[in-house]
Amino acid sequence: MTYEIYTQKELMDKVKPRHTGGYRLDLQVNNMRKTFYSTKKGDTGRRDCARKALAWINGDNSKRCCTVSTDAVFQNFFRDKEAITSDTYNLRNYYKNHIGPIIGKIPVLKLTRNDLRRVINEAYRKGLSEKTLSNIRGVLSGFCGYLDECDIRNDLSTRFVRIPQNAKKSNKQSLTAEGIYLVFSCDYTVLNNEEVYDDLVNAYRIGIALGLRPGEIMGLQWGDITDDYIHIQRAINAKGMQTSGKNAFANRFLPQTRFTRGIFNAQARLFPTLNPTSRVFGDYSEITYCARWKRFCAHNGIAYVTPYELRHTFASIYKTLLKTWILDELMGHVHSGITQGVYSHPLAGDMDKVVPILEQGLNDQYNRGKKQILSLIGVADE
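Outline the side chain of glutamine 365, listing residues and values.
In this structure, glutamine 365 sits in helix α15 (residues 355–376). For glutamine 365, a relative accessible area of 19% translates into the label buried. Discounting chain neighbours no more than four positions away, the residues touching glutamine 365 are Ala177, Ile180 and Ile317.

Before we move on, can you summarise the packing of aromatic side chains with the specific residues and values?
Inspection of every chain in the model, using the stated rule, returns 17 aromatic pairs. Taken together, a centroid distance of 5.6 Å and an interplanar angle of 40 degrees make the contact between phenylalanine 74 and phenylalanine 78 tilted. Of this pair, phenylalanine 74 and phenylalanine 78 both sit in helix α4 (residues 70–81), 4 residues apart, roughly one helical turn. Comparing phenylalanine 74 with phenylalanine 78, the two get one shared label, buried. Seen from their ring centres, tyrosine 204 and phenylalanine 296 are 5.1 Å apart, and the 50 degrees between their planes marks the pair as tilted. Of this pair, tyrosine 204 sits in helix α9 (residues 201–210) while phenylalanine 296 sits in helix α12 (residues 286–300), placing them 92 residues apart in sequence. Each member of the pair, tyrosine 204 as well as phenylalanine 296, is classed as buried. The ring of phenylalanine 259 carries arginine 258 above its face, with NZ or CZ at 4.6 Å from the centroid. Residue placement shows arginine 292 over the ring face of tyrosine 284; its charged tip is 5.4 Å from the ring centre.

Outline a nonpolar patch on the surface, supporting the account with residue identities and numerical values.
Together, Tyr188, Tyr197 and Leu270 line one region of the surface with nonpolar side chains, adding up to about 270 Å² of accessible area. Here tyrosine 188 shows up in strand β4 (residues 188–191). Given a relative accessible area of 42%, tyrosine 188 falls into the partly exposed group.

Any chance you could break down the sheet that holds strand β3 (residues 32–38) for me, citing the residues and the numbers?
Taken in spatial order, the 3 strands line up as β1-β2-β3 in an open sheet, and their pairing is antiparallel. Looking at which strands have only one partner, the edges of the open sheet turn out to be β1 (16–17) and β3. Sheet topology places strand β2 (residues 23–29) next to β3; 7 bridges connect them, and they run antiparallel. Bridge pairing links glutamine 28 to arginine 33 in β3.

Pulling in residues and values, what's your account of the packing of helix α8 (residues 177–185) against α15?
Axis separation between α8 and α15 bottoms out at 7 Å; the angle between their running directions is 100 degrees. By the angle class used here, α8 and α15 are roughly perpendicular. Every residue of α15 that contacts α8 at Ala177, Glu178, Ile180, Tyr181, Leu182, Phe184 and Ser185 is listed here: Leu362, Gln365, Tyr366, Arg368, Gly369, Lys370, Gln372 and Ile373. Among the residues making up the contact of α8 with α15, the classes are represented as 8 nonpolar, 4 polar and 3 charged.

Give a detailed account of helix α11 (residues 258–268), specifying residues and quantitative values.
Turning to α11, its buried residues number three or more, namely Phe259, Thr260, Ile263, Phe264, Ala266, Gln267 and Ala268. Those residues of α11 that are buried are in contact with α8, α9, β6 (229–232), β9 (252–255) and α15.

What counts, and where the lines are drawn
Starting afresh in each chain, residues are numbered from 1 along the sequence in its written order. At least 70 in pLDDT is required for a residue's local features to be given in this predicted model, at least 80 for side-chain atom pairs to be given and counted, and no such filter applies to totals for whole chains, interfaces and linings, which use all residues. Values shown for side chains rest on all heavy atoms present in the structure; no hydrogens or waters enter the calculation. Secondary structure elements follow DSSP: runs of H or I no shorter than four residues count as helices, runs of E no shorter than two count as strands, and numbering proceeds from the N terminus. Buried residues are those whose accessible area, probed at 1.4 Å on protein chains only, stays under 20% of the maximum for their type, while exposed residues exceed 50% and partly exposed ones sit between those limits. The contact rule is simple, with two residues in contact once any of their heavy atoms fall within 4.5 Å. Within 6.5 Å between ring centres, the rings of Phe, Tyr and Trp (the latter by its six-membered ring) count as paired, and their orientation is classed by plane angle as stacked under 30 degrees, edge-to-face over 60, tilted in between. Both a distance and an angle decide whether a charge sits over a ring: NZ of Lys or CZ of Arg must be within 6 Å of the ring centre and within 35 degrees of the ring normal. Patch definition: residues with relative accessible area over 30% and no salt bridge; like charges joined within 9 Å; nonpolar side chains (Val, Leu, Ile, Met, Phe, Trp, Tyr) joined within 5 Å. Accessible areas in this description were obtained via Shrake-Rupley with a 1.4 Å probe; residue shielding takes into account the shown protein chains only. We count a salt bridge whenever a side-chain nitrogen from Lys or Arg sits within 4 Å of a carboxyl oxygen from Asp or Glu. Pairing between strands is defined by DSSP: at least two bridges between them are needed. An axis is simply a line fitted to the C-alpha atoms; with a helix, the fit covers only the stretch in contact. Between two such axes, the angle follows the N-to-C directions and lies from 0 to 180 degrees. Any angle between 65 and 115 degrees counts as roughly perpendicular, while under 35 counts as roughly parallel, over 145 as roughly antiparallel, and the rest as oblique. Under the scheme applied here, ten amino acids are nonpolar (Ala, Val, Leu, Ile, Met, Phe, Trp, Tyr, Cys and Pro), four are charged (Asp, Glu, Lys and Arg), and all others, including Gly, are polar.

Spelled out as structure tokens, the structure:
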């Protein structure tokens, strides 16, 4: 049976006051009549009638539907989301830490736009950055779309839920030229109070040379690498689970440069044999990678930035050397220039003009860092 589609606002417009007080809504759908009542006053009563009617139209018992919690529907949202992408780890964390505690217990049919606004305001009071607040709002927006797709309700959106103007901006750091030079010059770290070769040093270098996300670095397999291209097609998240990447643009082909070839050749020498399905930088978790990077920085006198900020280092090097949309494609960002994009596939000649820029940009930073360090210790650059 196909029901006529109503929005909650349309149903509210049909609500009429009762002479005994409160409101009633007489509705006929597909030759079925039903009346809904509310003793509440004003728009609250009108909204109450409309919600009960909407629950009936959607084919569920109104009493039960009015008591289904937002949390229960959110869990279905995540399960359905996993059918599209396996990378729901961050979405679930945003919900667990910032959304669920505020609105999880509210019946989904009683959820209001002001409740969504409270989620953002509470996160703002915690001092979270503008970027994080925007990500939380993105989760809420996706949930509102899910409610519409599931015919639960179509009157809820984040359109007018604003990020506070005074939300602090993310203060992302990048490695200095000296730091870049040291990463490419130093091989050792400290493990168990002993100086040893850091078998993840090439992972740090790839992070700078290609601008990969930490999970993408951990997900690289030898079968992804040819002499001309590196195929980024998976990631290992913080829980050690393999995913298809952060978004639809995460699957991409990146060009080999003389730097990346040298890094991968050095890494290959650490393995007796190279299995196409073996991970290039070993079966380490992202957590281990992050901890080892911090220790490497401390041991070699490198001003610490987070592993993700090695990606910002890549962007900083090339932001004035490459067109924005090309840089976005190389980094796997969602961007408006995708209609122009040719870099997502290994077409002959696509990267001919990009490779020299990638090589020159990194080479300039390395040499600049080398000169600055030698100057500090009073040694002339030969």
